[in-house]
Amino acid sequence: MFWFIVTIALTFLGLLAITFFIGRVIPIDPVLSVVGDRATTQVYEAARQAMGLDRPLIVQFFSYVGDVISGNLGNSISTGRPVIVDLGRFFPATLEMATLGILIGVGLGVPMGVIAAAKQGSWIDQVIRVVGLLGYSVPAFWLGLVGLALFYARWRLVGGPGRLDIFYEGLVPSITGMILIDSIIAGNMDVFKNAVWHLVLPASILGFFSLAYIGRMTRSFMLDQLSQEFVTTARVKGVPERVVIWRHAFYPIRIQLITVIGLSYAGLLEGSVMIETVFSWPGIGNYLTTALLNADMNAVLGATLVIGAVFIFINKISDVLYRVLDPRAR
């Protein structure tokens, strides 16, 4: 446990160093972002000193580490609020959409990968591989725009951009920041249904990209297991094919799938920028994009730090589950 905590601390310190130096390498002057390009030299220098940018770089770094540990990520130029407050407001929206997306990806991708491996070379295998290829090659923004044009604008099967219709906003108190959970807590099923109506399309698109990766990896793992001698022995003994596939072949790969699913989930949390932009989804990806366009470095570094911390957390959870399920790794 001690070394586990030390590893997390060192990894997080490295993440802090990367985000800090990114903020210094990017050709954006944070002082000008605050005072504007028409400020006098005196105003510019006063703002620079107030922001601590006149101090040595190493002093600035340790000051940055201390501020992050204390929860001080500075104020956002775009919103005028503390960045930590903005992240607490926008991140749950991304978490909600990515969680539903990974559930769709796992629920469809794993069975598709297993079936494709069991039917290797058949038309079913070919169709599933084509679906996976589309998931790798189709641009996210294009698929989002096509989805809105067809399922929302033309057929009215799903909700449009945003998390709720405007007349449902503010009807339930924000407790977790995730509307589905908050509406259930409040007992307001009308808001819940409307939130699902808006969430289903962007989450399904994220789930499509996720299932392409998960399905491909599941197929690869299953093909390796189905070629093993113990699987051939089970078939020779007359074990039903369903039992051979799901118990003998699939059971050993569940440990590998944990890592794949964890990385895919982290990727959805980090890589949903285009989907959030297309669907006007008030998540961390949209927040990060707006901050970049406005040269809001405090918001950019804060969002980058949160995304990196999510990767660290999910990887460590995957390692723990790996050790729990595989005694050889303990």
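Here, the structure is the one placed above.
Residues numbered from 1 in each chain as written. Predicted model: local features only at pLDDT ≥ 70, side-chain atom pairs only at ≥ 80, totals over all residues. Heavy atoms only, no water.

Q: Tell me what's going on with the overall build of the protein, and back it up with residues and numbers.
A: Helix and strand counts for the protein stand at 14 helices and 0 strands. Helices and strands appear in the protein in the N-to-C order α-α-α-α-α-α-α-α-α-α-α-α-α-α. Dimensions of the protein, computed from the C-alpha atoms along their principal axes, are close to 85 × 55 × 40 Å. Classification of the 330 residues of the protein by burial places 39% in the buried group. Nonlocal contacts in the protein, meaning residues at least 24 apart in sequence, comprise 71% of its contacts between residues at least 6 apart. Accessible area of the protein: about 17,900 Å², with a carbon and sulfur share of 66%. Across the protein, 23 positive and 20 negative side-chain charges occur, with their mean positions spaced 11 Å apart. (Helix = DSSP H or I, 4+ residues; strand = E, 2+ residues; numbered from the N terminus. Buried < 20%, exposed > 50% of the residue type's maximum accessible area, 1.4 Å probe, protein only. Contact = heavy atoms within 4.5 Å. Areas by Shrake-Rupley, 256 points an atom, 1.4 Å probe, with all protein chains shown as cover. Lys, Arg positive; Asp, Glu negative; His and termini not counted. Charge placed at Lys NZ, Arg CZ, Asp CG, Glu CD.)

Q: Describe the environment of Met178, and please don't skip the residues or the numbers.
A: By the element assignment, Met178 lies in the loop between helix H7 (140–154) and helix H8 (179–186). It is 18 Å that separates the C-alpha atoms of Met178 and Ala303, two residues lying 125 residues apart in sequence. Residues within four places of Met178 in sequence aside, it is in contact with Pro92, Leu95, Glu96 and Arg163.

Q: Explain the environment of Leu108 residue by residue, including any values.
A: The topology assignment puts Leu108 in helix H5 (residues 83–118). Measuring from C-alpha to C-alpha, the distance between Leu108 and Ala212 comes to 9.4 Å, with 104 residues separating the pair along the chain.

Q: How would you explain the packing of aromatic side chains if you had to name every residue and give the values?
A: The description of an aromatic ring pair uses the distance of the two centres, along with the angle that the planes make with each other. Under the criterion given, the structure shown has 10 aromatic pairs. An angle of 20° between the planes, with centres 5.0 Å apart, marks the rings of Phe90 and Tyr287 as stacked. Of the two residues, Phe90 is situated in helix H5 and Tyr287 in helix H13 (residues 284–293); the sequence distance between them amounts to 197 residues. Here Phe90 matches Tyr287 in class, with each residue buried. Following the ring pairs from residue to residue traces out a cluster consisting of Phe20, Phe21, Phe61, Phe62 and Tyr64. Lying over the aromatic face of Tyr152, Arg156 brings its terminal NZ or CZ to 4.8 Å of the ring centre. (Phe/Tyr/Trp six-rings, centres within 6.5 Å; stacked < 30°, edge-to-face > 60°. Lys NZ or Arg CZ within 6 Å of the ring centre and 35° of its normal.)

Q: Give a description of the pattern of salt bridges that names residues and reports values.
A: This structure, assessed with the given rule, holds 4 salt bridges. The closest approach of N and O atoms between Asp86 and Arg81, which form a salt bridge, is 2.7 Å. Between Arg219 and Asp125 there is a salt bridge, with its nearest N and O atoms 2.9 Å apart. Here Asp125 lies in helix H6 (residues 123–137) and Arg219 lies in helix H9 (residues 189–226), a separation of 94 residues in the sequence. Residue classification places Arg219 among the buried positions, given a relative accessible area of 16%. (Salt bridge = Lys/Arg side-chain N within 4 Å of Asp/Glu carboxyl O.)

Q: Tell me what's going on with the environment of Thr40, and back it up with residues and numbers.
A: Tracing the sequence through the fold places Thr40 in the loop between helix H2 (30–35) and helix H3 (41–50). Judged by relative accessible area, Thr40 falls into the partly exposed class, the value being 43%.

By themselves, these observations are geometric and do not establish any function.
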